[in-house]
Amino acid sequence: MSQWISSNLGYPRIGANREWKKALESFWAGKVSESDFLAELKGIRLGHLRLQQEKGINLIPVGDFSLYDHVLDTSTMFGIVPKRYGYEGGEVSLDTYYAMARGNDQAAASEMTKWFNTNYHYIVPELADANPSLTVNRPLHAYLEAKQELGIEGKPVLLGLYTFLKLSKGYANAELPSLVERFLPLYCEVLSELQQAGVQWVQIDEPSLVTDIPAEDWKQIERIYEELNKVAPELKIILQTYFEAVGDYEKVVSLPVQGIGLDLVHGGEANLEHLREYGFPEDKVLAAGLIDGRNIWRSDLTEHTQVIKELGKFVSPDRLIIQPSSSLLHTPVSLAKEDALLPVLRNSLAFAEEKLDEIQLLVNIAAEDENVIQEALAENRKALSELKTSVFRSNGTVREAVNNLDESSFVRKSDFSTRHAAQQKRFHLPILPTTTIGSFPQTAEVRKARRQWRNGQLDNQQYEAFVDEQTKEWIDIQEELGLDVLVHGEFERTDMVEFFGEKLGGFAFTAGGWVQSYGSRCVKPPIIFGDVVYQEPMTLRETVYAQSLTKKPVKGMLTGPVTILNWSFVRTDIPRSEVAYQIGLALREEVEALESAGIEMIQVDEPALREGLPLKKADHESYLTDSVKAFKLSTSSVNDTTQIHTHMCYCEFHDVIDSIEAMDADVISLETSRSHGELIENFKTQTYDKGIGLGVYDIHSPRVPSVEEMKEVVVSALDVLDPELFWINPDCGLKTRGKEETVAALRNMVAAAGEARNEIQVPSL
Ligand SMILES: CN1c2c(nc(N)[nH]c2=O)NC[C@@H]1CNc1ccc(C(=O)N[C@@H](CCC(=O)N[C@@H](CCC(=O)N[C@@H](CCC(=O)O)C(=O)O)C(=O)O)C(=O)O)cc1
Ligand SMILES: N[C@@H](CCS)C(=O)O
Ligand SMILES: [Zn+2]
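Note that the structure is a prediction, hence the values are computed from the model and not measured.

Conventions adopted
Residues numbered from 1 in each chain as written. Chains lettered and ligands numbered in written order. Predicted model: local features only at pLDDT ≥ 70, side-chain atom pairs only at ≥ 80, totals over all residues. Heavy atoms only, no water. Phe/Tyr/Trp six-rings, centres within 6.5 Å; stacked < 30°, edge-to-face > 60°. Helix = DSSP H or I, 4+ residues; strand = E, 2+ residues; numbered from the N terminus. Lys NZ or Arg CZ within 6 Å of the ring centre and 35° of its normal. Pairing = 2+ DSSP bridges. Contact = heavy atoms within 4.5 Å. Axes fitted to C-alpha atoms, helices over the stretch in contact; angles between N-to-C directions. Buried < 20%, exposed > 50% of the residue type's maximum accessible area, 1.4 Å probe, protein only. Near = heavy atom within 4 Å. Polar contact = N/O pair within 3.5 Å; in protein donor to acceptor, adjacent residues only side chain to side chain. Areas by Shrake-Rupley, 256 points an atom, 1.4 Å probe, with all protein chains shown as cover. Nonpolar A, V, L, I, M, F, W, Y, C, P; charged D, E, K, R; others polar. UniProt positions renumbered as here; feature names shortened; annotations may be inferred. Donors = N, O, S within 2.8 Å, 3.2 Å for Na, K, Ca; no water. Tetrahedral: all angles 85-135°; square planar, octahedral: opposite > 155°, others 65-115°. pLDDT = per-residue confidence, 0-100. 1 Å grid on protein atoms, 1.4 Å probe; cavity = no way out; pocket = protein on both sides within 12 Å on 5 of 7 lines; lining within 4 Å. Points joined across faces, edges and corners; volume = space filled by probe spheres on them.

> Give a detailed account of the packing of aromatic side chains, specifying residues and quantitative values.
One pass over the structure, following the stated rule, counts 20 aromatic pairs. Taken together, a centroid distance of 4.3 Å and an interplanar angle of 5° make the contact between Phe27 and Phe37 stacked. Of this pair, Phe27 sits in helix H1 (residues 19-28) while Phe37 sits in helix H2 (residues 34-54); the two residues are 10 residues apart in sequence, bridging distant segments of the chain. Following the ring pairs from residue to residue traces out a cluster consisting of Phe27, Trp28, Phe37, Tyr68, Tyr97 and Tyr98. Taking NZ or CZ as reference, Arg393 lies 6.0 Å from the ring centre of Trp297, over its face. Seen from the ring of Trp514, Lys524 lies directly overhead, with NZ or CZ sitting 5.3 Å from the centre.

> How would you sum up the environment of Gly312? Please name residues and give values.
By the secondary structure assignment, Gly312 is in the loop between helix H11 (301-311) and strand S10 (320-324). Separated by 85 residues in the primary sequence, Gly312 and Glu227 have C-alpha atoms spaced 31 Å apart.

> Tell me what's going on with the sheet that holds strand S2 (residues 61-62), and back it up with residues and numbers.
Taken together, the 8 strands give an open sheet; going across it, the order is S1-S10-S9-S8-S7-S6-S5-S2, and neighbouring strands pair in parallel fashion. Unpaired on one side and paired on the other, strand S1 (5-6) and S2 mark the two borders of the sheet. In the sheet, strand S9 (residues 285-291) pairs with S10 via 5 bridges, with the strands oriented parallel. Opposite Leu286, over in S10, you have Leu320 as the bridge partner. Helix H7 (residues 176-196) contacts strand S5 (155-159), strand S6 (201-205) and strand S7 (236-240) of the sheet and is inclined by roughly 180° relative to S5.

> Tell me about unusual backbone geometry, residues and numbers included.
With phi around 50°, Phe116 is a residue other than glycine that occupies positive phi space. Mapped onto the elements of the fold, Phe116 is located in the loop between strand S3 (112-114) and strand S4 (121-123). For Glu490, which is not a glycine, the phi torsion comes out positive at approximately 60°. Residue placement: Glu490 occurs in the loop between strand S11 (486-487) and helix H19 (498-503). For Glu490, a relative accessible area of 8% puts it in the buried group.

> Now, about the site of ligand 1: what can you tell me, with residues and values included?
Around ligand 1 there are 23 residues in total, and Lys21, Arg450, Arg451, Asp495 and Lys735 lie nearest to it. The contact in question runs from an oxygen atom of ligand 1 to an N or O atom on the side chain of Arg521, over 2.9 Å. Taking Lys735, its side chain carries an N or O atom lying 2.5 Å from an oxygen atom of ligand 1. Burial of ligand 1 by the protein amounts to 82% of the accessible area it has alone, namely 990 Å². Of all the secondary-structure elements, those providing two or more residues to the shell around ligand 1 are helix H17 (444-454), strand S13 (515-518) and strand S14 (521-523). Its residues assigned to classes, the shell around ligand 1 comprises 6 nonpolar, 7 polar and 10 charged.

> Quick rundown of the UniProt feature "binding site: L-homocysteine" (unreviewed entry) in the protein chain? Include the residues and the values.
Within the UniProt annotation, "binding site: L-homocysteine" (unreviewed entry) is assigned to Ile437, Gly438, Ser439, Glu490 and Asp605. In terms of the greatest pairwise C-alpha distance, the residues named above, spread along 169 residues, form a tight cluster of at most 12.9 Å across. With respect to the helices and strands, the residue Gly438 is situated in the loop between helix H16 (416-427) and H17. The buried category is assigned to Gly438, whose relative accessible area is 0%. Not counting chain neighbours up to four residues away, the residues in contact with Gly438 comprise Val487, Gly489, Glu490 and Met557. Structurally, the position occupied by Asp605 is in strand S18 (residues 601-605). Not counting chain neighbours up to four residues away, the residues in contact with Asp605 comprise Met496, Met557, Leu558, Thr559, Gly560, Thr563, Thr646 and His647.

> Give me the sheet that holds strand S19 (residues 643-648): which residues, what numbers.
Pairing is parallel across the open sheet formed by 7 strands, whose spatial order is S11-S16-S18-S19-S20-S21-S22. Two strands in the sheet have a free side with no partner beyond their single neighbour: S11 and strand S22 (726-729). Bridging between S11 and strand S16 (residues 554-559) involves 2 bridges; their strand directions are parallel. Bridge assignment links Leu486 to a residue of S16, and that residue is Val554. Packed onto the sheet, helix H22 (residues 576-596) meets S16 and S18 and runs at close to 170° relative to S16.

> Can you break down the site of ligand 2 residue by residue, with the values?
As a structural note, the neighbourhood of ligand 2 is formed by Ile437, Gly438, Ser439, Glu490, Met496, Met557, Asp605, Pro607, His647, Cys649, Cys732 and Gly733. One nitrogen or oxygen atom from the side chain of Ser439 is found 2.8 Å from an oxygen atom belonging to ligand 2. With respect to ligand 2, the side chain of Glu490 contributes an N or O atom lying 2.8 Å from a nitrogen atom. Protein contact buries 97% of the 270 Å² of open area that ligand 2 shows by itself. Class assignment of the residues belonging to the shell around ligand 2 gives a composition of 6 nonpolar, 4 polar and 2 charged.

> Break down the coordination of the zinc ion (ligand 3) for me, with residues and values.
Looking at the zinc ion (ligand 3), one finds its protein donor set to be His647 (NE2), Cys649 (SG) and Cys732 (SG), positioned 2.1 to 2.3 Å from the metal centre. Around the zinc ion (ligand 3) sit 4 donor atoms; with metal-centred angles ranging over 102 to 123°, the donor geometry is tetrahedral. Read N to C, the donor residues that coordinate the zinc ion (ligand 3) are spaced as H-x1-C-x82-C. Here Cys649, found in the loop between S19 and helix H24 (657-662), pairs with Cys732, found in the loop between S22 and helix H27 (739-760); they are 83 residues apart in sequence, far enough to count as distant. Looking at Cys649, the relative accessible area reads 6%, which means it is buried.

> Please provide a residue-by-residue account of the confidence of the model for the protein chain, values included.
As a general rule, the predicted coordinates of low-pLDDT regions are not to be interpreted in detail. Taken residue by residue, the protein chain gives an average pLDDT of 95. The fraction at 70 or more is 98%. Of the two predicted TM-score estimates for the complex, the pTM is 0.95 and the ipTM is 0.96.

> Any chance you could break down empty space enclosed by the protein for me, citing the residues and the numbers?
Applying the stated criterion across every chain, the model contains 7 cavities of 30 Å³ or more. Within this model, the largest cavity holds a volume of roughly 150 Å³. In terms of lining residues, the largest cavity is bounded by 15 residues, among which His420, Gln424, Pro433, Glu724 and Trp727 are the most central. Mapped onto the lining of the largest cavity, the elements with two or more residues apiece are H16 and S22. Class assignment for the residues of the lining of the largest cavity results in 9 nonpolar, 4 polar and 2 charged. In this structure, the second largest cavity occupies an estimated 90 Å³ of space. Listed by contribution, the elements that provide at least two residues to the lining of the second largest cavity are H2, S2 and helix H5 (138-150). Per-element accounting of the lining of the second largest cavity gives the leading share, 4 residues, to H2.

What follows is the structure, given as structure tokens:
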């Protein structure tokens, strides 16, 4: 029996067949009762625990499962429920919980934003007027359930207080000490109850420790962990960091906890450097995040064996835990259904289930079980070398094209003001033009047709005819609503990234590689495993057809290079910036094809550009420079009269506004409706001198916003933004909405635009 300990940090909730997603959606649709729903979820939860038990994981996380989002779980555990939901204390009901997540007739949903640099979205805790109390000890319940039902001695997972506060809104950083003062006793209560119940290990997630921590925060961080250690000295607390290297290594490892979890994949080299330079405290356990929790490639076991050997210099075997670099929430569940993948690719992949096997393998390797080592290492080396030498890996033409890029490849022919004048002359748009972001409802009917087409029940011609019918219906609707700039509706697309992944060379797509994005919504990121090659027009047919139906401009609709990169699983053998340029070059061909076909407005969406911003400021510049260049590479070859739009959503924009401006798009639409006031506030001090539309309503809620409320958003935006450059649009695409509510909301939006036009009394150009 080895001395090494295996651990996991979190398991995907959605289930191998997305049963979690389906259960949530059935419950919301009123098709199952609350008790049946909770029973079904319990079954899914226990299934995941059982699987980890069967895989031999020693420290199985409990409490990572959620009914929607783990940050929302933490807020509601502490009774952090904004007043508008009518909460009166005590355990938060399921109705209130889901109202916060999704909104209801009475109250808008809480803001949703990116979880660090991932495509997972959390519900932002609102601390203004908060009156925290411990409503339920969720980690304790999870621990007891696992123990009673499966005999598992689980490792409860908690979101750490520092990170929880950092992710919250409604306070100024100067108030951090008083918030710690109020929340810390509640965390103490949670931990002391866990200790009383006999819990041995606890994982406290503090990913904020990998960001740039203001000096004044350290006092609070130290205070939190000193206090928790005092109230629960028998618990073995693992302070878990991930997604990057910790910045203040010496401070982090000096905190009074029993274990420190470090990501040895993302920021791995920097964390290893810290270990080399400062060593590791003798009284602590090192939880080594060796298996990539963010990507789907098989681990290079030979390399890991070397790293484990090196770790042996810093910690004794009984103080080393082998685990993923972060929760496996961000990886698909299982490779079992992926037989259609090229064998060379499939053999190089590990999804969550296979990553658990890798952890066990590493534990055996670390324990120097010779038989396992030789066989496993040989097989692993063979698979990885086959991928490395595969013909898909490198394309001479693409490599040469990237090498030949020069400064002129990234700039438009004229500056914005020249283009703006030319475009105004060309399009004669009214002041405050209205548009939408691209997608219209992906109804059950649309999905059914696509399923039938994939199953061969519809041939290409029938499927295309179906897509055209939908497009025509929605062009007619947009005309009738009086929108100024139309879209074709994206009916041919499963997802804005997966769709392009299916059309470009160098990508593979999976049958069931789903990952949770927000709530019950999942995405199936494509895999970039070779050089990216443009093969044929991807969006031309549908766009040109839509444009043929109307005299109003129809925007061509593409997903930008940085977003395709960030929402795919990307090869790691060449720099990400090189992959971004390859995608940029491919999209440039598509942009040119659209322009040649008479499409004069082209939107290149970059919702993931901000999400990919490195967690440390020192790394921002090179990421932003490459990202802006990749975007400009795809968009800069067009004529002055061709209007380039872009769109971004669900993230903080103020810290990248200069880069957004540098993208040199003629128009940008930004999602703002869940945090409108804050964005407007930022524009008081930051200028933006190109076309801009701020989302005037939240598309994640079925609620139909009134004319009045949307007009207010417009009016407040016009206090800080130039009316002559301002556009009116929803927050994001409308694919998740129903038809009726979409039409009603857009009708109100167009009316709001009309009233705002009258009020501001700026003469139409
Ligand atoms: C803008 N957003 C996006 C992000 N990331 C992306 N990769 N793409 C995005 O658009 N990140 C930030 C935000 C997140 N927003 C969303 C919004 C909506 C979804 C979503 O609706 N996801 C769907 C899955 C979409 C899809 O691929 N649909 C397929 C159907 C797949 C399916 O369920 N098939 C069924 C059978 C078909 C049927 O009869 O329904 C099956 O397999 O059982 C399609 O359209 O063909 C979701 O349902 O979760 C995600 C992120
Ligand atoms: N054009 C896309 C952007 C989503 S971020 C859509 O409308 O769905
Ligand atoms: Zn969007």
